[in-house]
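# Remarks on the overall topology
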Amino acid sequence: ETGVTQSPTHLIKTRGQQVTLRCSSQSGHNTVSWYQQALGQGPQFIFQYYREEENGRGNFPPRFSGLQFPNYSSELNVNALELDDSALYLCASIERGGTDTQYFGPGTRLTVL
Amino acid sequence: QQQVKQSPQSLIVQKGGIPIINCAYENTAFDYFPWYQQFPGKGPALLIAIRPDVSEKKEGRFTISFNKSAKQFSLHIMDSQPGDSATYFCAASGGYQKVTFGTGTKLQVIP
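Before going into details, it helps to say that this report is about the structure given with it. (Residues numbered from 1 in each chain as written. Chains lettered and ligands numbered in written order. Predicted model: local features only at pLDDT ≥ 70, side-chain atom pairs only at ≥ 80, totals over all residues. Heavy atoms only, no water.)

## Details of the sheet that holds strand S8 (residues 72-77) of chain B
Residues and elements named next belong to chain B. Pairing is antiparallel across the open sheet formed by 5 strands, whose spatial order is S1-S3-S8-S7-S6. On the outer flanks of this sheet lie strand S1 (4-7) and strand S6 (56-59), each paired with one strand and no other. In this sheet, adjacent strand axes meet at a mean angle of 15° when their direction is disregarded. Of the strand pairs in this sheet, S1 and strand S3 (residues 20-25) are connected by 4 bridges, and their pairing is antiparallel. Among the inter-strand pairings, Gln6 is bridged to a residue of S3, identified as Cys23. (Pairing = 2+ DSSP bridges. Helix = DSSP H or I, 4+ residues; strand = E, 2+ residues; numbered from the N terminus. Axes fitted to C-alpha atoms, helices over the stretch in contact; angles between N-to-C directions.)

## Some points on the interface of chain A and chain B
Contact residues are listed per partner, giving 20 residues for chain A and 18 residues for chain B. Together chain A and chain B conceal approximately 1,500 Å² of surface at their shared face, both sides included; 55% is due to carbon and sulfur atoms. Between the two partners, chain A and chain B, sit 0 salt bridges. On inspection of chain A and its partner chain B, the count reaches 5 residue pairs in polar contact (both at pLDDT 80 or more). Looking at the side of chain A that touches chain B, the elements that each hand over two or more residues are strand S4 (31-37), strand S5 (44-50) and strand S9 (87-94) of chain A. The dominant element in the side of chain A that touches chain B, judged by the number of residues it contributes, is S9 of chain A, at 3 residues. In terms of residue class, the side of chain A that touches chain B is made up of 8 nonpolar, 10 polar and 2 charged. (Contact = heavy atoms within 4.5 Å. Buried area = accessible area lost by both parts, 1.4 Å probe. Salt bridge = Lys/Arg side-chain N within 4 Å of Asp/Glu carboxyl O. Polar contact = N/O pair within 3.5 Å; in protein donor to acceptor, adjacent residues only side chain to side chain. Nonpolar A, V, L, I, M, F, W, Y, C, P; charged D, E, K, R; others polar.)

## Some thoughts on the sheet that holds strand S3 (residues 19-24) of chain A
Residues and elements named next belong to chain A. Reading across the sheet, the 4 strands line up as S1-S3-S8-S7 and stay open at both edges, with antiparallel pairing between neighbours. Of all strands in the sheet, those bounded by a partner on one side alone are strand S1 (5-7) and strand S7 (64-68). Going across the sheet, the axis of each strand differs from the next one's by a mean of 20°, ignoring polarity. Direction of pairing for S7 relative to strand S8 (residues 74-78): antiparallel, over a ladder of 5 bridges. Across the sheet, the residue bridging to Phe64 is Val78, located in S8.

Here it is in structure tokens:
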């Protein structure tokens, strides 16, 4: 059984640019959530995808968007990057109807200059 | 409001000590309470989890105590080791819904 994987590991962008982060969910997991973790803080929920549709969203602006594909993998897109978007972006997958446990990937460290 | 309050912010114990981390929640719709361990530059890893119908759960050196009426739960780490030095997050969720994290406790275990 493979775990949650994310790419890239690190990314450096400049203010105003756009970025796409990718996540492959754990085998058999049909729901993917994205979280933003600023330095020294706990992860904050961005949104969740189930059956290729957004299924819940946290307090993040519309320039944060996502996709889920038929194989349950997912993308997080952030437009018009701001300095405060610098953070560790975490993807978590869960199997609905299972243990309710969300398994996290290693994250993508995004730095906005 | 879906908050999870966690204390202390940081904790230093000697090897063999028993660090205790406390959390409190407000939303009674939460029905799943996991604890995550995170090392620098890594994603959170599930340590142990409990549901509100159980007052205590042990897995190895890790124990969760849960007080449903007080809406509080805590993590005890028995015989702590330097390798346990990490940031610990309590969390809460309702089924498959989003996980609400506490603010984290940075634990340092001194040899």
